[in-house]
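Chain and residue survey
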Amino acid sequence: MTNRLTPSDWIAAGFRALAADGPDAVKAEKLARQLGTSKGSFYWHFKDVPAFHAAMLALWQDKAFTGIIDGLADLPSAEARLRALARIANDGAPDRFGGLLIEPAIRAWSLRDDAVAKAVAEIDAARITYVEDLLEACGRPRNLGILFYGAFVGLDDLQARGRPDTAGALTALLDCLLGQGAARPSVFTLP
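Quick caveat, the model's predicted, so the values are computed rather than measured. (Residues numbered from 1 in each chain as written. Predicted model: local features only at pLDDT ≥ 70, side-chain atom pairs only at ≥ 80, totals over all residues. Heavy atoms only, no water.)

A look at the overall build of the protein chain
Scanning the protein chain from N- to C-terminus turns up nine helices and zero strands. Each helix (α) and strand (β) of the protein chain, taken in turn from the N terminus, gives the series α-α-α-α-α-α-α-α-α. Projected onto its principal axes, the C-alpha positions of the protein chain cover 60 × 30 × 30 Å. By residue count, 42% of the 191 residues in the protein chain fall in the buried class. Considering only contacts within the protein chain whose residues lie at least 6 apart along the sequence, 63% involve residues at least 24 apart. In the form shown here, the protein chain has an accessible surface area of approximately 10,000 Å², with 57% of it arising from carbon and sulfur atoms. (Helix = DSSP H or I, 4+ residues; strand = E, 2+ residues; numbered from the N terminus. Buried < 20%, exposed > 50% of the residue type's maximum accessible area, 1.4 Å probe, protein only. Contact = heavy atoms within 4.5 Å. Areas by Shrake-Rupley, 256 points an atom, 1.4 Å probe, with all protein chains shown as cover.)

Observations concerning the packing of aromatic side chains
Enumeration over the complete set of coordinates arrives at eight aromatic pairs. Both rings, one in Phe46 and one in Phe52, keep their centres 4.9 Å apart while their planes meet at 75 degrees; by these two values the pair is edge-to-face. As far as burial versus exposure is concerned, Phe46 and Phe52 are alike and both buried. Seen from their ring centres, Phe65 and Tyr130 are 6.3 Å apart, and the 90 degrees between their planes marks the pair as edge-to-face. On the criterion of sequence distance, the pair formed by Phe65 in helix 4 (residues 49-72) and Tyr130 in helix 7 (residues 114-137) is long-range, its members being 65 residues apart. (Phe/Tyr/Trp six-rings, centres within 6.5 Å; stacked < 30°, edge-to-face > 60°.)

As for helix 8 (residues 144-160)
When the terminal C-alpha atoms of helix 8 are compared, their 24 Å separation across 17 residues agrees well with the 24 Å that a helix rising 1.5 Å per residue should span. Those residues of helix 8 lying buried are Leu144, Gly145, Phe148, Tyr149, Ala151, Phe152, Leu155, Asp156 and Gln159. The buried residues of helix 8 occupy an angular sector of 155 degrees when the element is viewed end-on, so they sit on one face. In the core, the buried residues of helix 8 are packed alongside helix 5 (78-91), helix 6 (102-110), helix 7 and helix 9 (169-177). (Expected span 1.5 Å × (residues − 1). Arc of directions from axis to C-beta.)

Re the pattern of salt bridges
According to the stated counting rule, one finds 11 salt bridges in the structure shown. Residue Arg127 pairs with Glu103 through a salt bridge whose shortest N-O separation is 2.6 Å. Here Arg127 is found in helix 7, whereas its partner Glu103 is found in helix 6, with 24 residues between them in sequence. In this structure, Arg107 engages Asp124 in a salt bridge whose closest nitrogen and oxygen atoms are separated by 2.6 Å. Taken together, the residues span a long stretch of sequence, with Arg107 in helix 6 and Asp124 in helix 7 at a distance of 17 residues. Asp124 shares its class with Arg107; the two are buried. (Salt bridge = Lys/Arg side-chain N within 4 Å of Asp/Glu carboxyl O.)

Following this line, the structure appears as structure tokens:
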């Protein structure tokens with residue numbers, strides 16, 4: 001019995017395995033067993049495991065930044081884009097691609113793999129610049145972008161560890177940064 005799997009099916013399975021069991025689970029044989037098929041199906045679509053990992057990273061980079069930014073482009077203001085971004089960050093990736101666990105899993109993988117570390121560094125830089133640009137467009141200091149992004153990374157990790165009270169925290173921080181929360185934005189200005 002053979003399943004007719006697409007490259008997308010394999011990549012989604014790779015993300016789920018990474019999120020559930022870490023980088024050692026993202027191998028042809030383990031994924032084939034999980035999908036109920038042979039390793040031959042894997043090698044039909046991918047030259048080798050490093051090529052598969054590269055395909056996973058390329059998709060993550062596209063979906064985790066470009067796809068999100070493109071989806072926000074039609075919103076009427078920088079503030080609207082920031083608020084939508086906070087909601088997206090709170091929701092996490094679709095379950096098919098590892099859900100809330102995938103970002104912390106990719107960061108953990110980046111500690112063991114130089115190619116993953118490079119991809120994470122590129123995404124971090126692009127995301128921070130994007131948030132800085134939006135904050136500046138809202139009349140706030142650019143350097144608050146690193147605070148917002150650091151909160152996103154930390155909250156993602158807390159969510160992945162089952163912390164139930166993280167929902168809405170990024171939006172609350174954004175309210176403070178934009179001067180609409182309990183704290184004044186100047187309190188958060190970094191040197």
